[in-house]
Amino acid sequence: MSVPDFDLDPDRVTRQNSGMEKIICIDSHTGGEPTRVVVAGFPDLSGLSLPAAVERLRGEHDHYRKAAVCEPRGNDVVVGALLLPPVNPHSLASVIFFNNVGYLGMCGHGTIGLLATLQHMGRVTPGTYAIDTPVGTVQTHVHGHGWVEVDNVPAHRYAAGVEVHVPGYGQVVGDVAWGGNWFFLTDAGALPLCRAGVQELTTFALAVRYALRTHHITGSAGAEIDHIELMGAAQTHGNSGRNFVLCPGGAYDRSPCGTGTSAKLACLAADGKLLEGKRWLQESVIGTVFEGRYRLVGDQLIPSIRGQAHVVAETILLLSPSDPFCWGLE
């Protein structure tokens, strides 16, 4: 059976579909968690700081976020990464991360996916590159074949031994930590940290997040704790631990979560359970692994997360004004 010769040249698509807008994307996954890098088609945000660009997107152009990652073109798991010119003179590029419900400060798996995508595009070779994010500039180290290490923004434990009553579960104790996003980290207990247990884990994590909100337990300056990280023992010999991370939109992270692993490293360091430079192998709930370690720069803890991404698609999203769901379902 012969394979049709599809011409996906974006200019040809535009000519044949006048009136349509298009968003050009490259899709990858890092440890099973998808990243959709937007390389063209979003509104012009030039001249703005990244926090200001996020606010411009949120306030005036949020429908582009929905069109790119929400149904019918995406789903609750997809994380978008808007590729932008660098803000700082020594950086390679800048990025704004977003998902099905809003915008993220930093995304570890997404940064790994972004650099693997840039290598796929021929824009980087193995080496070290700075990437600007809304919460700070991160250093990345491209090793080739999709392997990327990210020196994340400084992480810290904000509060230890926080107690919260969770209806149906009783008293839950955990730590509040920053790893580029806000996390509440607690033990999974008897819940199974495996794919078969995802529904139970999700139900519990949602209940914890709701209880934190109800009891006004937050990060610094009242920031919402929008990520819940449930922890347990590793299931593969030689690894250090396993997690389940509930993301803000209600989906779970298929990867071990770069910012979640960063928050975990900060808690381990604060408890004296992991020394500077020592390796931590973090399993995800589906068994994929990130390698984490940290270094101290003054009083700041800088986590490093290493993982592998695979580019899986080059995509042209078509936005037709006649489509009632042109701007996505949220």
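Quick note: structure is the one above.
Just so you know, these numbers come straight off a predicted model, no measurement behind them.

Engineer: Can you help me understand the overall build of the protein chain in this one?
Structural biologist: In terms of helices and strands, the protein chain carries six helices and 16 strands. A globule of 330 residues ought to have a C-alpha radius of gyration of about 20 Å, and the protein chain, at 20 Å, matches this closely. Dimensions along the principal axes, computed over C-alpha positions, put the protein chain at roughly 60 × 50 × 45 Å. Residues classed as buried in the protein chain amount to 52% of the 330 residues present. Total accessible area on the protein chain is roughly 14,600 Å²; 52% of this is exposed by carbon and sulfur atoms. In the protein chain, 23 positive and 32 negative side-chain charges are present, and the distance between their average locations comes to 2 Å.

Engineer: Looking at this model, I keep getting lost on the nonpolar core. Mind explaining?
Structural biologist: One recurring pattern in soluble globular proteins: nonpolar side chains tend to sit buried together. Judged by nonpolar contacts, the single largest core of 60 residues is most densely connected at Phe-184 and Phe-244. Considering each element in turn, this core owes the most residues, eight residues, to helix 5 (residues 198–214). Listed in part, the 23 residues of the second largest apolar core include Leu-57, Tyr-64, Val-69 and Ile-96.

Engineer: Any chance you could explain the state of the cysteines here in plain terms?
Structural biologist: Formally, a disulfide is one covalent bond, and it connects the sulfur atom of one cysteine to the sulfur atom of another. The final tally for this structure, using the stated rule, is zero disulfides. Here Cys-107 stays free of any disulfide, with the sulfur of Cys-257 as its closest cysteine sulfur at 7.2 Å. The thiol sulfur of Cys-194 is not disulfide-bonded, and the nearest other cysteine sulfur, from Cys-247, lies at 18 Å.

Engineer: How do you make sense of empty space enclosed by the protein when you look at a structure like this?
Structural biologist: Empty space among the atoms becomes apparent when a probe as large as a water molecule is rolled across them. Evaluation of the coordinates by the stated rule reveals one cavity of 30 Å³ or more. Approximately 160 Å³ is the volume attributed to the largest cavity. Residue lining of the largest cavity: 22 residues in total, with Val-79, Leu-104, Cys-107, Cys-247 and Asp-253 positioned closest to the centre. Those elements that place two or more of their residues in the lining of the largest cavity are helix 4 (108–120) and helix 6 (258–270). Per-class residue counts for the lining of the largest cavity are ten nonpolar, nine polar and three charged.

Engineer: Can you help me understand the environment of Tyr-64 in this one?
Structural biologist: Within the element layout of this structure, Tyr-64 appears in helix 3 (residues 62–69). Taking the relative accessible area as the measure of exposure, Tyr-64 reaches 10% and is therefore buried. A sequence separation of 66 residues divides Tyr-64 from Ala-130, and the C-alpha atoms of the two residues are 26 Å apart. Those residues in contact with Tyr-64 that lie beyond four places of it in its chain are Glu-21, Ile-23, Gly-41, Phe-42, Pro-43, Leu-319 and Trp-327.

Engineer: Help me understand helix 6, please; the structure alone is not making it clear to me.
Structural biologist: Given 3.6 residues per turn, any residue in an α-helix points the same way as the ones three and four places further on. The end-to-end C-alpha distance of helix 6, which contains 13 residues, comes to 18 Å, matching closely the 18 Å that a straight helix rising 1.5 Å per residue would cover. Burial within helix 6 is extensive, with eleven of its 13 residues counted as buried. Where helix 6 is concerned, the buried positions are Gly-258, Thr-259, Gly-260, Thr-261, Ser-262, Ala-263, Lys-264, Leu-265, Ala-266, Cys-267 and Leu-268. Following helix 6 by one or two positions, Gly-272 adopts a phi angle in the positive range, close to 70°.

Engineer: Can you help me understand the pairing of strand 7 (residues 136–144) in this one?
Structural biologist: If a strand is regular, its side chains alternate between the two faces of the sheet. Relative to strand 7, strand 6 (residues 127–133) runs antiparallel, the two sharing seven bridges. Looking at the pairing, Ala-130 lines up with Gln-139 of strand 7. If you look at the hairpin formed by strand 6 and strand 7, you'll find two residues sitting between the two strands. Relative to strand 8 (residues 147–151), strand 7 runs antiparallel, the two being bridged by five bridges. Counterpart to Thr-140 in the pairing with strand 8 is Val-150. Hairpin connection of strand 7 to strand 8: two residues between the antiparallel strands, including His-145 at a positive phi of 55°.

Engineer: I keep staring at the pairing of strand 2 (residues 33–40) and nothing clicks. Help me out?
Structural biologist: Counting buried residues along strand 2, six of its eight residues qualify, which places the element largely inside the surrounding structure. Bridge count for strand 1 (residues 21–30) against strand 2 is seven bridges, and the pairing is antiparallel. From the neighbouring strand, Ser-28 faces strand 2, where its bridge partner is Thr-35. The turn joining strand 1 and strand 2, which pair antiparallel and follow one another in sequence, is formed by two residues; a positive phi near 60° is taken by Gly-31. One ladder, built from four bridges, connects strand 2 with strand 3 (residues 79–84); its direction is parallel. Among the inter-strand pairings, Thr-35 is bridged to a residue of strand 3, identified as Val-79.

Calculation criteria
Residues numbered from 1 in each chain as written. Predicted model: local features only at pLDDT ≥ 70, side-chain atom pairs only at ≥ 80, totals over all residues. Heavy atoms only, no water. Helix = DSSP H or I, 4+ residues; strand = E, 2+ residues; numbered from the N terminus. Rg over C-alpha atoms; globule rule 2.2 N^0.38 Å. Buried < 20%, exposed > 50% of the residue type's maximum accessible area, 1.4 Å probe, protein only. Areas by Shrake-Rupley, 256 points an atom, 1.4 Å probe, with all protein chains shown as cover. Lys, Arg positive; Asp, Glu negative; His and termini not counted. Charge placed at Lys NZ, Arg CZ, Asp CG, Glu CD. Core = buried A, V, L, I, M, F, W, Y, C linked by side-chain atoms within 4.5 Å. Disulfide = S-S within 2.5 Å. 1 Å grid on protein atoms, 1.4 Å probe; cavity = no way out; pocket = protein on both sides within 12 Å on 5 of 7 lines; lining within 4 Å. Points joined across faces, edges and corners; volume = space filled by probe spheres on them. Nonpolar A, V, L, I, M, F, W, Y, C, P; charged D, E, K, R; others polar. Contact = heavy atoms within 4.5 Å. Expected span 1.5 Å × (residues − 1). Pairing = 2+ DSSP bridges.

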